[in-house]
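Per-entry structural report
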Amino acid sequence: MSFAFDRRIKIAPSILSADFANFGAECRAIEAEGADWVHVDVMDGHFVPNITFGPATCAAIRPHIKGVMDVHLMIAPVDPYIEAFAAAGADVITAHAEAGPHVHRTLQAIRNAGAKAGLALNPGTGLDGVENLLDMVDLICVMTVNPGFGGQKFIHSQVDKIRRLRALIGERPIHIEIDGGVTPETAPLVAAAGADVLVAGSAVFKGGSVGDPAPYGANIRAIRAAAEASLG
Ligand code: DX5
Ligand code: ZN
């Protein structure tokens, strides 16, 4: 799908915290409950110390997602797999700056494959190289945990990085996405600093599952309300 750029707050639940035996139903449920994007965490057991799934799973869940499928690749190397994730229907493909020496080439390859290009920055990565990539990216993902697992504690030192990134971006149509430890308590901090896409795994999926009365709608609304309140 194609989607227009805007800076409104978007909530992107991460299916890393969903029921892995029920991805189709989980994706339908979070969209019905107000999710803007569906965030898909791909891990390889090499770039990060955890393994999730690959392009075949993305292709299988694609028909269950009406909106944006936002694929976060925590894999190295990245380039050999970009075509496969694009063919699986990813709207946004985000690669890590730390995943290899040729991130410029990677971003080029993502756009050439027909997807929006995202650049993810680990908490230990600064903004030094980002300026040279601003015309290559549609989204920059600031990791507010070290990637690999859901349910980790938000790293507060990243808030100032978000603020500096927002200033660097200026009027360019580039989303700032935040990934890790987003809750109704931390969402206002990142929204006020300039983020517009808030990934949340455990804070959306906590308290139930699709079989039970799922609290996803209330969880999503709580994060969105807290973020929007910080914008005045
Ligand atoms: C972490 C993943 C995140 C993760 C966030 O490596 O990229 O998307 O699912 O989970 P929470 O919201 O639980 O911190
Ligand atoms: Zn992620």
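An account of the accompanying structure is given in this report. Treat the numbers as computed from the prediction; the structure is a model and nothing was measured.

What about the overall build of the protein chain?
- For the protein chain, the helix and strand inventory stands at eight helices and eight strands.
- Judged by the C-alpha coordinates and their principal axes, the protein chain covers about 45 × 40 × 35 Å.
- Put simply, of all contacts in the protein chain between residues at least 6 apart along the chain, 66% involve residues at least 24 apart.
- Where the 18 positive side-chain charges of the protein chain centre and where its 25 negative ones centre are 5 Å apart.

A short note on the coordination of the zinc ion (ligand 2)
- His39 (NE2), Asp41 (OD), His72 (ND1) and Asp179 (OD) make up the full set of protein donors to the zinc ion (ligand 2), lying at 2.0 to 2.3 Å.
- One can describe the donor arrangement at the zinc ion (ligand 2) as octahedral, given that its six donor atoms subtend angles of 67 to 170° at the metal.
- Spacing between the donor residues of the zinc ion (ligand 2) along the chain follows H-x1-D-x30-H-x106-D. Both residues of the pair, histidine 39 and aspartate 41, count as buried.

A look at the sheet that holds strand β8 (residues 197-200)
- One open sheet holds the eight strands; their spatial order is β1-β8-β7-β6-β5-β4-β3-β2, and the pairing between them is parallel. The open sheet has two edge strands, β1 (10-13) and β2 (37-43), and neither has a second partner. Direction aside, neighbouring strands of the sheet carry axes that sit 25° apart on average.
- Both strand β3 (residues 68-74) and strand β4 (residues 92-96) contribute to a ladder of three bridges, which runs parallel. Within β4, the residue paired with aspartate 70 across the bridge is valine 92.
- Packing of helix α8 (residues 216-229) onto the sheet brings it into contact with β1 and β8, and relative to β1 it is tilted by some 145°.

What counts as what
- Counting of residues starts from 1 at the beginning of each chain's written sequence and follows it residue by residue.
- Chains and ligands are labelled by the order in which they are written, letters from A for the one and numbers from 1 for the other.
- For this predicted model, a pLDDT threshold of at least 70 governs which residues receive local features, and a threshold of 80 or more governs which side-chain atom pairs are given and counted, while totals over whole chains, interfaces and linings are taken from all residues.
- Calculation of side-chain values draws on the structure's entire complement of heavy atoms; hydrogens and water are dropped beforehand.
- Think of it this way: any DSSP run of H or I at least four residues long counts as a helix, any run of E at least two long counts as a strand, and we number them from the N terminus.
- We call two residues contacting when some pair of their heavy atoms lies within 4.5 Å.
- Two residue types count as positive, namely Lys and Arg, and two as negative, namely Asp and Glu; His and chain ends fall outside the count.
- Taken as the charge centre is NZ of Lys, CZ of Arg, CG of Asp or CD of Glu, depending on the residue.
- Nitrogen, oxygen and sulfur within 2.8 Å of a metal are treated as its donors, or within 3.2 Å for sodium, potassium and calcium (Na, K, Ca); water is not counted, so a site can appear incomplete.
- Square planar and octahedral sites, with four and six donors, are those where opposite donors lie more than 155 degrees apart and all other angles lie between 65 and 115, tetrahedral sites have four donors with every angle between 85 and 135 degrees, and the rest are irregular.
- Burial classification: accessible surface area is computed with a 1.4 Å probe over protein chains only, and a residue below 20% of its type maximum counts as buried, one above 50% as exposed, and the rest as partly exposed.
- Being paired, for any two strands, means DSSP has found at least two bridges between them.
- Every axis corresponds to a line fitted to the C-alpha atoms, with the helix fit spanning only the stretch in contact, and the corresponding angles, defined between N-to-C directions, vary from 0 to 180 degrees.

Purely spatial values, then, with no claim about function.
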